[in-house]
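# Tertiary structure, described
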Amino acid sequence: MDLEFTEQEQEFRREARAWLTANVPAERLPSMDTREGFEAHRAWERKLFDARWAVVSWPREYGGREAGLTEWLIFEEEYYRAGAPGRVSQNGIFLFAPTLFEFGTREQQDRYLPAMAAGEEIWVQGWSEPEAGSDLANVRSRAERDEERGGWRLSGQKIWSSRGTWGHRLFGLFRTDPQAQRHRGLTYFMVDLAAEGVTVRPIPQLDGEPGFAEVFLDDVFVPDADVLGGVDEGWKIMIATTGSERGLNLRSPGRFAAPANRLIELYKRDPRPAERDAVVRAWMDADAYRLFTFGTVTKLQAGGAIGADSSINKVFWSEMDVELHATALRLLGEAGELDDGDGGWLDGFLFALGGPIYAGTNEIQRNTIAERILGLPRAK
Amino acid sequence: MRLAYTEDQELFRDTVRDFLADRCTTADVRAAWAADTAISARWVELAKVGVTGIVVPEEHDGLGMGDEELAAVLVEAGRAALPEPLLESAVAAGLFAEFAPDAGWLAEIAAGRAAASVLLPGQRLAVEAAAADVLVIGLADGDLHVATPADCVLTAQRSVDRSRKLFTVDFTPTARTLVASDTQRALARAADRGALGAAAQLLGLTRRMLDTTVEYAKQRVQRGVPIGSHQSVQHHLANVLIKLEFARPVVLRAAYSLARDLPSAARDVSMAKIYAGEAADLAARNCLQVHGAIGYTEEHDLHLFMKRAWALGTAWGDAGVHRDRIAADLLGDAPAPPTPAF
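Within any chain, residue numbers begin from 1 and follow the written order of that chain's sequence. Following the order in which they are written, the chains are lettered starting with A and the ligands numbered starting with 1. Only residues with pLDDT of 70 or above have their local features reported here, since the model is predicted, and side-chain atom pairs are shown and tallied only from 80 upward, although totals for entire chains, interfaces and linings are computed over all residues. With hydrogens and water excluded, all non-hydrogen atoms of the structure serve as input to the side-chain values.

Chain B is annotated in an unreviewed UniProt entry as Acyl-CoA dehydrogenase from Embleya scabrispora. What UniProt states about chain B under its Cofactor (unreviewed entry) heading is, verbatim, "FAD". The UniProt entry for chain B carries the following text under Sequence similarities (unreviewed entry): "Belongs to the acyl-CoA dehydrogenase family." UniProt positions are given in the numbering used here, feature names are shortened, and annotations may be inferred rather than shown by experiment.

Going by an unreviewed UniProt entry, chain A carries the name Acyl-CoA dehydrogenase and comes from Embleya scabrispora. Check the Cofactor (unreviewed entry) section of the UniProt entry for chain A; it says "FAD". Here chain A is described in UniProt, under the heading Sequence similarities (unreviewed entry), as follows: "Belongs to the acyl-CoA dehydrogenase family."

Structure, rendered in structure tokens:
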């Protein structure tokens, strides 16, 4: 065992901290799910990109630093420690990009990665449908072959698409073989939301802002160049993407260490002994999550894979996040209900409540843990 | 950065796991329940594998290893519900190595010819105090004594886990038994080793309860289907696995910190005891629930592991003690508890 960081990693941390200290906006940006906030967040993404901090783990040619997994975790710790804005491009760079790196052609990577990293194109997820939430094999939206134009015509409806209201491009699954059963016959498409036939209907989330959208597709043409991976091969590509979503890509330990430390400060300012255990619990859980993640990194660096373990991860962080924020609201007492209250805890709480629902509900994750890790028979 | 045991550590652990699978069956654990002492012929065999001498320095015929290896082996001891006082002897060995290396006990423990018990400040119960060959007793004023059972008045107490032979110890310190003074820091560290060791065993117990129950849930059929195909049963067991998987790295980190005497060691150990204790607690409850009435009997083996888990949950500082210690460190809202912490 060796829980120390190397000199090189510590130097990386110092450099990141220095830049963030000098550049993180003093004022919180408006919500990224308002028009004004969306643009402010894109401008911040551009600033990160210009300083090569937008996508530290990516190759240099796409604007990254070729940072290893440990350095990436260090960057995330510093990012959230500095109180930097949420990442409006996160669905692109953390969810979709790993899939694009793995399954995309060189042309697709050159076309989409730089614009994604610079915040020029914000990607929107096109997973769920009215009849397919956590059960993606039930996707009904379809793609029909258009030989003449060399592509596909997409029709159907996607829902709960984060960043859909103002985003630029959508990634998601469409049924290319209507005869095939469930997870067969699905294809992964990249769709231009400005294309003819696309209608976007914003849906306000719990916080009142249109963070979700419903996307209607009516005979939308998508060229062959925007099929990711093979035709009818979409399921396995989707599995890789959702693994990123549940796993450490989207929820680095830094995201929880920062609020856990702020919670400690909140308690110290106005100690409420009745909440003491909950405060300690939140801090410990954030710390345990960090250790668990370093254990995962150790496994990955030894050539292992995450697989179904990402379900264990997802249940833990999503429930921890809710408890952490709920504790903060109790500490705030009467002020806990105020919209513009101290430190954005209410916003954080509302956001955290989505955790046990998205990326496959925690009920589905627990079934996956039981069946794929513990080996129990399939649930009826 | 590497949060995992080394290959050598894993190899040693696997050897012990195999040995215990063979030589510490549930029938053996039941035999320990029925006997006056749980120290059996197995103690010498454990010594041959190196287990009793893990933390005994090499010059006294031990392996000269530390908290990481001890924790790895104690996970296996937990998995098997090993009844011998392995942890107590290791804690005693650490104190011998520091304060009385030439008293002769180290080589005896390493060879399996002696077993030791300990009683640290704040502890009221000593495991195997009557059958142990030697008792290491730390007093709150920092005096460290080495005694034999004959130096003490021992009163047997009955643990929920009948294989834990517990005693209250009435001991009158003398100049003859005193081996060192001002050992508070060492006693605190010894207590931390005990808490870490208990945490490690709780991990093993959790794994064993979970594995046993998964097998049961696959085979037990009701209304025509295995009960493990019910979502409610699946969720009970998934919750145990989640608790276990998050307790594991916490225990590993505590072993690392304690082995290197890092400033955070005490807090890290407390966190390990809490996490492993919660995992074992949840395992006991959920696994009992999944087993139903058969789990509520002494005929089924599940109780052997549940009862050990309950015992170790309170031994070496219960969750409240350890939470207080962490809270004092994090929040500074209470005076740090006197060391040793329990």
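## Digging into the sheet that holds strand E2 (residues 125-127) of chain B
All names here are of chain B. We treat two strands as partners when DSSP finds at least two bridges between them. Secondary structure elements are taken from DSSP: a helix is a run of H or I of four residues or more, a strand is a run of E of two residues or more, and numbering for both begins at the N terminus. With respect to topology, three strands assemble into an open sheet ordered E2-E6-E5, the strand pairing being antiparallel. Sheet topology places E2 and strand E5 (152-158) at the edges, where each strand pairs with a single neighbour. Averaged over all pairs of adjacent strands, the angle between their axes in this sheet comes to 45°, without regard to strand direction. Across three bridges, E2 lies against strand E6 (residues 165-171) in antiparallel orientation. Along E6, the bridge assignment pairs Ala126 with Phe167. Angles shown run from 0 to 180 degrees and are taken between the N-to-C directions of axes, each axis being a line fitted to C-alpha atoms and, for helices, limited to the stretch in contact.

## Describing the domain arrangement of chain A
Residue and element names in this part refer to chain A. An automatic or database domain assignment supplies the start and end points of every domain. Split into domains, chain A comes out as domain 1 (7-87), domain 2 (123-234) and domain 3 (251-373). Between domain 1 and domain 2, the C-alpha centre-to-centre distance is 30 Å. Should any heavy atoms of two residues lie within 4.5 Å, those residues are counted as being in contact. With seven residues of domain 1 at the contact, the number on the domain 2 side is eight residues. Take the accessible area each of two parts loses on contact, using a 1.4 Å probe, and add the two losses: that sum is the buried area. Of all residues in domain 1, Asp33, Arg35 and Phe38 give up the largest surface area on contact with domain 2, accounting jointly for 70% of the area buried on that side. Counted as salt bridges are all cases of a side-chain nitrogen of Lys or Arg within 4 Å of a carboxyl oxygen of Asp or Glu. At the junction of domain 1 with domain 2, the criterion picks out one salt bridge. With its nearest N and O atoms 3.0 Å apart, the salt bridge here joins Asp33 to Arg163. Each polar contact in these results corresponds to two N or O atoms within 3.5 Å; when the atoms are within protein, one needs to be able to donate a hydrogen and the other to accept it, and residues that are neighboring in sequence are counted only if both atoms are side-chain atoms. Connecting domain 1 to domain 2 are one residue pair in polar contact (both at pLDDT 80 or more).

## Concerning the layout of surface pockets
Whether a set of points on the 1 Å grid over the protein atoms alone is a cavity depends on a 1.4 Å probe fitting there but being unable to get out, while an open set qualifies as a pocket with protein on both sides within 12 Å along at least five of seven lines; lining residues are those with an atom within 4 Å of a point. Grid points are joined across faces, edges and corners, and a volume is the space filled by probe spheres set on the points. Taken as a whole, the second largest pocket holds about 680 Å³ of empty space. Lining the second largest pocket we find 27 residues, and of these B:Arg13, B:Glu245, B:Arg248, B:Pro249 and B:Leu252 sit closest to its centre. Where the lining of the second largest pocket is concerned, the elements lending two or more residues are helix H8 (276-301) of chain A together with helix H1 (7-23), helix H4 (67-80), helix H7 (184-219) and helix H8 (231-259) of chain B. For the lining of the second largest pocket, the element with the highest residue contribution is H8(B), accounting for six residues. For this scheme, ten residues count as nonpolar: Ala, Val, Leu, Ile, Met, Phe, Trp, Tyr, Cys and Pro. Four count as charged, namely Asp, Glu, Lys and Arg, and the remainder, Gly too, count as polar. Here the residues of the lining of the second largest pocket sort into 13 nonpolar, four polar and ten charged.

## Brief notes about the sheet that holds strand E1 (residues 116-119) of chain B
All names here are of chain B. Taken together, the four strands give an open sheet; going across it, the order is E1-E3-E4-E7, and neighbouring strands pair in mixed fashion. Looking along the sheet, the strands with just one partner apiece sit at the ends: E1 and strand E7 (178-180). Between one strand and the next, the sheet's axes are offset by a mean angle of 25°, whatever the strand orientation. Alignment of strand E3 (residues 134-138) against strand E4 (residues 144-147), held across four bridges, turns out to be antiparallel.

## Quick look at the nonpolar core
To qualify as a nonpolar core, a set must consist of buried Ala, Val, Leu, Ile, Met, Phe, Trp, Tyr and Cys residues joined through side-chain atoms within 4.5 Å. The buried label goes to any residue with under 20% of its type's maximum accessible area, the exposed label to any with over 50%, and the partly exposed label to all in between, with areas taken from a 1.4 Å probe on protein chains only. Counting 191 residues, the largest nonpolar core has B:Met209 and B:Leu237 as its most contacted members. With 17 residues, H7(B) is the largest single contributor of residues to this core. Once residues lying within four places of it in the same chain are set aside, the contact partners of B:Met209 are B:Ala280, B:Ala283, B:Ala284, B:Cys287, B:Leu302, B:Phe305, B:Met306 and B:Ala309. Counting residues in hydrophobic clusters, the runner-up holds 15 residues, among them A:Leu154, A:Leu193, A:Leu217 and A:Val227.

## A closer look at the UniProt feature "domain: Acyl-CoA dehydrogenase/oxidase C-terminal" (unreviewed entry) in chain B
Here, the residues flagged by UniProt with the feature "domain: Acyl-CoA dehydrogenase/oxidase C-terminal" (unreviewed entry) are residues 191-330 of chain B. The span residues 191-330 of chain B is 79% helix and 3% strand, and its two end C-alpha atoms sit 21 Å from each other.

## Topic: the packing of aromatic side chains
Residue and element names in this part refer to chain A. Stacked, edge-to-face and tilted labels apply to pairs of Phe, Tyr and Trp rings (six-membered ring for Trp) whose centres lie within 6.5 Å, assigned for plane angles under 30 degrees, over 60, and everything in between, in that order. Per the stated rule, a full pass over the model turns up 29 aromatic pairs over all chains. Their ring planes at 45° and their centres at 5.8 Å tell us that Phe75 and Tyr79 sit as a pair that is tilted. One end of the pair is Phe75 and the other is Tyr79, both in helix H3 (residues 69-81) and four residues apart, which spans about a single turn. Taking the relative accessible area as the measure of exposure, Phe75 reaches 2% and is therefore buried. Of the residues examined, Tyr79 reaches a relative accessible area of 1% and is grouped as buried. Between Trp152 and Phe189, the aromatic rings sit 5.9 Å apart at their centres with planes inclined by 70°, giving edge-to-face as the arrangement. Taken together, the positions of Trp152 in strand E3 (residues 151-158) and Phe189 in strand E5 (residues 186-192) put the pair 37 residues apart, joining distant regions of the chain. Overall, Trp152 belongs to the buried group, its relative accessible area being 7%. The structure contains a cluster of three or more aromatic residues connected by ring pairs, namely Phe12, Trp19, Trp44, Trp53, Phe75, Tyr79 and Tyr80. Here, over-ring charges are defined by two tests on the NZ atom of lysine or the CZ atom of arginine: distance to the ring centre within 6 Å, and angle to the ring normal within 35 degrees. The ring of Tyr79 has Arg87 lying over it, and the distance from NZ or CZ to the ring centre is 5.6 Å.

## Some words on the UniProt feature "domain: Acyl-CoA oxidase/dehydrogenase middle" (unreviewed entry) in chain A
Taking the numbering used here, the UniProt-annotated feature "domain: Acyl-CoA oxidase/dehydrogenase middle" (unreviewed entry) corresponds to residues 126-220 of chain A. Structurally, residues 126-220 of chain A is divided into 0% helix and 45% strand, and its ends, taken at the C-alpha atoms, are 14 Å apart.

## So, the side chain of A:Ser161
Residues and elements named next belong to chain A. Tracing the sequence through the fold places Ser161 in the loop between E3 and strand E4 (169-175). We classify Ser161 as buried; its relative accessible area is 0%. Once residues lying within four places of it in the same chain are set aside, the contact partners of Ser161 are Val124, Gln125, Gly126, Leu170, Gly211, Phe212, Ala213 and Val215.

## Considerations on H3(A)
Residue and element names in this part refer to chain A. Here H3 contains 13 residues, and its C-alpha end-to-end distance of 18 Å stays within 8% of the 18 Å for a straight helix at 1.5 Å per residue. Within H3, eleven of the 13 residues are buried, leaving the element largely enclosed by the surrounding structure. Buried within H3 are the following residues: Thr70, Glu71, Trp72, Leu73, Ile74, Phe75, Glu76, Glu77, Glu78, Tyr79 and Tyr80. The elements touched by buried residues of H3 are helix H1 (7-23), helix H2 (35-50), helix H4 (90-103), helix H7 (254-269) and H8. Directly beyond the C-terminal end of H3, a positive phi value near 70° is found at Gly83. To estimate how far a helix should extend, the number of its residues minus one is multiplied by 1.5 Å.

## With respect to empty space enclosed by the protein
All names here are of chain B. Following the criterion strictly, the structure yields three cavities of 30 Å³ or more and no others. Here the largest cavity is characterised by a volume of approximately 150 Å³. Every residue lining the largest cavity is counted, 17 residues in all, and those nearest its centre are Leu82, Glu84, Glu88, Arg164 and Gln201. Elements with a contribution of two residues or more to the lining of the largest cavity: H4, helix H5 (86-99) and helix H10 (302-314). For the lining of the largest cavity, the element with the highest residue contribution is H5, accounting for three residues.

## A closer look at the packing of helix H9 (residues 265-291) of chain B against H10(B)
Residue and element names in this part refer to chain B. Put simply, H9 and H10 touch, their axes get as near as 10 Å, and they point 150° apart. Taken as axis vectors, H9 and H10 run roughly antiparallel relative to one another. Two packed elements cross with a definite hand, and for H9 against H10 that hand is left-handed. Residues Lys273, Ala280, Asp281, Ala284, Cys287, Leu288 and His291 of H9 pack against Leu302, Met306, Ala309, Trp310, Leu312, Gly313 and Thr314 of H10. Grouping the constituent residues of the contact of H9 with H10 by class yields nine nonpolar, three polar and two charged. Each angle gets one of four labels, with under 35 degrees taken as roughly parallel, over 145 as roughly antiparallel, 65 to 115 as roughly perpendicular, and the rest as oblique. For a crossing to be left-handed, the near helix must be turned anticlockwise from the far one by less than a right angle; the clockwise case is right-handed.

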